Amino acid sequence: PTSAQVSVAPHSGRFSYTLDNDVLSTEQRQFYEDNGYLLIRNLVSDEDIERFRKEFTRICKREVKPPGVMIMKDESQRSQFGQSESVVNKVQDFQEDEELFRYCTLPEVLKYVECFTGPNIMAMHTMLINKLPDSDQQTFLHPMHQDLHYFPFRPASRIVCAWTAMERAHQDNGCLLVQPGTHKTALKPHGYPQWEGKTNKLFHGLLDEDEKIPKVHLVMEKGDTVFFHPLLIHGSGINRTSGFRKSISCHFASSECHYIDVKNTIQEHLEKELQEMVSKKYNATSVELKDIWNFRARLVKGERINL
């Protein structure tokens, strides 16, 4: 069974995935409707991006230790380095770091988010990704996946990711790769890919990828922001350059979304893996997937209703 059928919110008959407002043009709404993503150029300022970069460096150097933040490192190099920009590939769950969390509250970002979620907006999942120069082991090839695989809340059509390039993202440094139109499909089974070398924790991918569906490389300049649906199949290639490729993102959801029980669904094994991680780190027992997300969730606009 899948627990991810897309539910269509009641609004104008033509559009299922955006809400009526005066922000998006008819052409933009139709593009998202057809493709499941929308790229807005030059949305976040250089000044804000520089502040996020500085805070990431401070976290890497342990100059600040925000509560709840998960620092993820390159599995293949963690024995060689301490904790630095050269080994930290992701800072996740930065909802308690006021400097990074500013990203989730930027009016220029929320203006677009509201087109998908409505006025009551929760920040559910925050990440600053630092795609490292990759080895031949392809440690940072993020397999094609659907983000809804990780989320125990619905409806999918009231969830959106905002993903901002912190420097130019292109094919050589592992830009986002999307399969347009796949947001109209159901949630598919995910797991760890059968690759050589080490796979980073929770880098799940589709177990059965349809290679015939065309892929589009999203080449983005610094400050460009893409908004995409949680069922859109996407991933990213390896970074073949000598530099880093940083991005900052947040998954937003309407606070009117509701939690679901993932037992006896294709998301059940994810819950078990996260339970093991949480019990190991915090010595906690009987934690459900929705408890973990409830801990991460933070209101950014409007009223907190269900989430």
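See the structure printed just above.
Bear in mind that the values here come from a model prediction, so they are computed numbers and not experimental data.

Along helix α6 (residues 289-296), the positions that sit buried rather than exposed are L289, I292, W293 and R296. Taken down its axis, α6 places every buried residue within 95° of arc, on the same side. Those residues of α6 that are buried lie in contact with β3 (88-92), β4 (121-131), β6 (153-154), β15 (258-259), α5 (268-282) and β16 (298-301).

This part takes up the nonpolar core. If you look at the biggest cluster of nonpolar residues, it comprises 40 residues, and the most contacted ones within it are Y103, C104, V109, F227 and F252. At the level of elements, β1 (37-40), α2 (46-60), β3, α3 (98-105), α4 (107-117), β4, β7 (159-165) and β14 (245-254) are the ones that each hand at least two residues to this core. Among the elements that line this core, the one with the most residues is α4, at six residues. With sequence-adjacent residues up to four places away left out, Y103 is seen in contact with V44, F52, V109, A162, W163, T164, T225, I248, S249 and C250. Residues M122, Y259, V287 and L307 belong to the second largest nonpolar core, which totals 24 residues.

What follows concerns the packing of aromatic side chains. For any pair of aromatic rings, the description consists of the separation of the ring centres together with the inter-plane angle of the planes. The final tally for this structure, using the stated rule, is nine aromatic pairs. An angle of 90° between the planes, with centres 5.1 Å apart, marks the rings of F151 and W293 as edge-to-face. Of this pair, F151 sits in the loop between β5 (142-145) and β6 while W293 is found in helix α6, placing the two residues 142 residues apart along the sequence. The same class applies to F151 and to W293, which are both buried. For the ring pair F153 and Y259, a centre distance of 6.2 Å and an interplane angle of 90° mean the geometry is edge-to-face. With F153 in strand β6 and Y259 in strand β15, this pair connects stretches of sequence that are 106 residues apart. Overall, F153 belongs to the buried group, its relative accessible area being 0%. Feature note: the residues Y32, Y112, F116 and F227 constitute an aromatic cluster, connected by ring pairs.

Thresholds, definitions, all that
Residues numbered from 1 in each chain as written. Predicted model: local features only at pLDDT ≥ 70, side-chain atom pairs only at ≥ 80, totals over all residues. Heavy atoms only, no water. Buried < 20%, exposed > 50% of the residue type's maximum accessible area, 1.4 Å probe, protein only. Helix = DSSP H or I, 4+ residues; strand = E, 2+ residues; numbered from the N terminus. Arc of directions from axis to C-beta. Contact = heavy atoms within 4.5 Å. Core = buried A, V, L, I, M, F, W, Y, C linked by side-chain atoms within 4.5 Å. Phe/Tyr/Trp six-rings, centres within 6.5 Å; stacked < 30°, edge-to-face > 60°.

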